[in-house]
Amino acid sequence: MRNKAKKILSILLFLAVILAGCNKTINEVMESFGDNKSAEDHNFDNEWKAVKLDNEIRYFNNYLGFSYAIPKGWWLYSVNEENLGNSRSDIGDIIFMDFYYGNFKEYSYSVAWLMAFGNLEKPDQDNHLGYDLDVRFIDGISDMPGYMEYMEKYMMEPEDDEEYKIMDSQKITINGKSFELRDYLVTLADYRDYYILTLSCQIKNNYFLNIAVDYWADNTKAKDAIMESIIKSVEFF
């Protein structure tokens, strides 16, 4: 998630408008992400370089011990290109992640955005979905209860033009890994309401993985589709 999760939606909608008709090969994708900038600038620059995938591609992170498949036909717009491959053996053990650092209330944190993708061609379609994966390290927090306390404060921080409300909170298991699920209804002052479904787990000592998916509030079938897609896509090793 970016500084307040509302940016997920605004970026996806903007990209949907300006990128209609864009279709690159995966080599071009990797070249376009090859500037290897650090910290915040790297992540925000890459958000504007979306590409529609001709084939499914998988993100691997051997350091964190997981992989995630991005389906064919979806728009990939932020990724650490060194982590794309057909198998774990394609990827080294070096941490190919750009972290940036900040403070939130009493916490110091670092965040690496791993990748983001969505179905961007029709911004007003009812089945809009946008996925965003990041990993966080929070100073002084080493377990899930402490992390979820941080996450709750972070997500519920007041904004001038929007209101967050928790609609669902539960523990679930996905492919052998325990996750905390939160579903937030986001009410905007001058736009459509939408949800942000977050799934968080402790993926490594002191590192916490977040999968965040935004979808329109009137998309009543989205949540089941999101969970089905995550179960199919995420693998741990």
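Described in the following lines is the structure provided in the data block. (Residues numbered from 1 in each chain as written. Predicted model: local features only at pLDDT ≥ 70, side-chain atom pairs only at ≥ 80, totals over all residues. Heavy atoms only, no water.)

### Observations regarding helix α4 (residues 144-155)
And then number 1: With 12 residues, α4 should reach 16 Å at 1.5 Å per residue; the first-to-last C-alpha distance of 16 Å fits that figure.
And then number 2: For α4, the complete set of buried residues consists of M144, G146, Y147, M148, Y150, M151, Y154 and M155.
And then number 3: In this structure D143 caps α4, since a side-chain oxygen of it lies 2.9 Å from the backbone nitrogen of G146. (Helix = DSSP H or I, 4+ residues; strand = E, 2+ residues; numbered from the N terminus. Expected span 1.5 Å × (residues − 1). Buried < 20%, exposed > 50% of the residue type's maximum accessible area, 1.4 Å probe, protein only. Polar contact = N/O pair within 3.5 Å; in protein donor to acceptor, adjacent residues only side chain to side chain.)

### Focus: the sheet that holds strand β5 (residues 84-85)
And then number 1: Spatially, β5-β2-β3-β13 is the arrangement adopted by the four strands of the open sheet, whose pairing is antiparallel. Strand pairing shows two members of the sheet lacking a second neighbour, β5 and β13 (234-236), which therefore form its edges.
And then number 2: The pairing of strand β2 (residues 57-61) with strand β3 (residues 66-70) spans five bridges and is antiparallel. Within β3, the residue paired with R58 across the bridge is A69. (Pairing = 2+ DSSP bridges.)

### Details of the nonpolar core
And then number 1: F66, Y68, L114, Y131, L199, I226 and I230 are the most contacted members of the largest nonpolar core, which has 41 residues in total.
And then number 2: Apart from residues no more than four positions distant in its own chain, Y131 is found in contact with Y68, W74, M115, A116, F117, A212, V213, I226, S229 and I230.
And then number 3: If you look at the next biggest cluster of nonpolar residues, it comprises 24 residues, including Y107, Y109, I141 and W216. (Core = buried A, V, L, I, M, F, W, Y, C linked by side-chain atoms within 4.5 Å. Contact = heavy atoms within 4.5 Å.)

### Overview of the pairing of strand β7 (residues 107-118)
And then number 1: For β7, the tally of buried residues reaches 11 of 12 residues, placing the bulk of the element in the interior.
And then number 2: Sheet analysis places strand β4 (residues 75-79) next to β7, joined by four bridges and oriented antiparallel. Residue pairing across strands places W75 opposite G118, the latter belonging to β7.
And then number 3: Across six bridges, strand β6 (residues 99-104) lies against β7 in antiparallel orientation. Residue pairing across strands places N103 opposite S108, the latter belonging to β7.
And then number 4: With antiparallel pairing between neighbouring strands as the criterion, β6 and β7 make up a hairpin whose turn holds two residues, including K105 at a positive phi of roughly 50°.
And then number 5: Where β7 and strand β8 (residues 129-138) come together, nine bridges link them in antiparallel fashion. Paired with A116 across the bridge in β8 is D132.

### Remarks on the packing of aromatic side chains
What characterises a pair of aromatic rings is the spacing of the ring centres plus the angle enclosed by the ring planes.
And then number 1: Using the criterion set out here, one finds 18 aromatic pairs in the structure.
And then number 2: With a centroid separation of 5.4 Å and 75° between ring planes, the pair formed by F104 and Y154 is classed as edge-to-face. Remark: Y154 occurs in helix α4 and F104 occurs in strand β6; sequence separation between them is 50 residues. Per residue, the accessibility class of F104 equals that of Y154, and both read buried.
And then number 3: Here the basic side chain of K177 rests over the ring of F236, its NZ or CZ set 5.5 Å away from the ring centre.
And then number 4: The residue whose ring lies beneath K204 is Y63, and the NZ or CZ to ring-centre distance is 4.3 Å. (Phe/Tyr/Trp six-rings, centres within 6.5 Å; stacked < 30°, edge-to-face > 60°. Lys NZ or Arg CZ within 6 Å of the ring centre and 35° of its normal.)

### Quick notes on the pattern of salt bridges
And then number 1: In total, this model carries 11 salt bridges according to the counting rule given.
And then number 2: Taking the shortest distance from any N to any O, the salt bridge between R136 and D134 comes out at 3.4 Å.
And then number 3: Of the residues examined, R136 reaches a relative accessible area of 1% and is grouped as buried.
And then number 4: The residue E228 makes a salt bridge to K232 at a minimum N-O spacing of 3.2 Å. Taken together, the residues E228 and K232, both in helix α5 (residues 222-233) and four residues apart, mark about one turn of the helix. (Salt bridge = Lys/Arg side-chain N within 4 Å of Asp/Glu carboxyl O.)

### Overview of unusual backbone geometry
And then number 1: Of note, K105 is a non-glycine position whose phi angle comes to about 50°, a positive value.
And then number 2: By secondary structure assignment, the location of K105 is in the loop between β6 and β7.
And then number 3: Classification of K105 as exposed rests on a relative accessible area of 52%.
And then number 4: You will see that N175, though not glycine, has its phi angle at about 50°, which is positive.
And then number 5: For N175, the location among the structural elements is in the loop between β9 (162-174) and β10 (177-188).

### Some thoughts on the pairing of β10
And then number 1: β10 sits mainly inside the fold: nine of its 12 residues count as buried.
And then number 2: Bridge count between β9 and β10: 12 bridges; the pairing is antiparallel. Directly across from T173, in β10, lies its bridge partner S178.
And then number 3: Taking the residues between adjacent antiparallel strands as the criterion, β9 and β10 are bridged by two residues, where N175 takes a positive phi near 50°.
And then number 4: Pairing between β10 and strand β11 (residues 194-204): seven bridges, direction antiparallel. Looking across to β11, one finds that D183 is bridged to L197.
And then number 5: Linking β10 back to β11 in an antiparallel pair, the connection comprises five residues.

As far as function goes, none of this settles anything; it's purely spatial.
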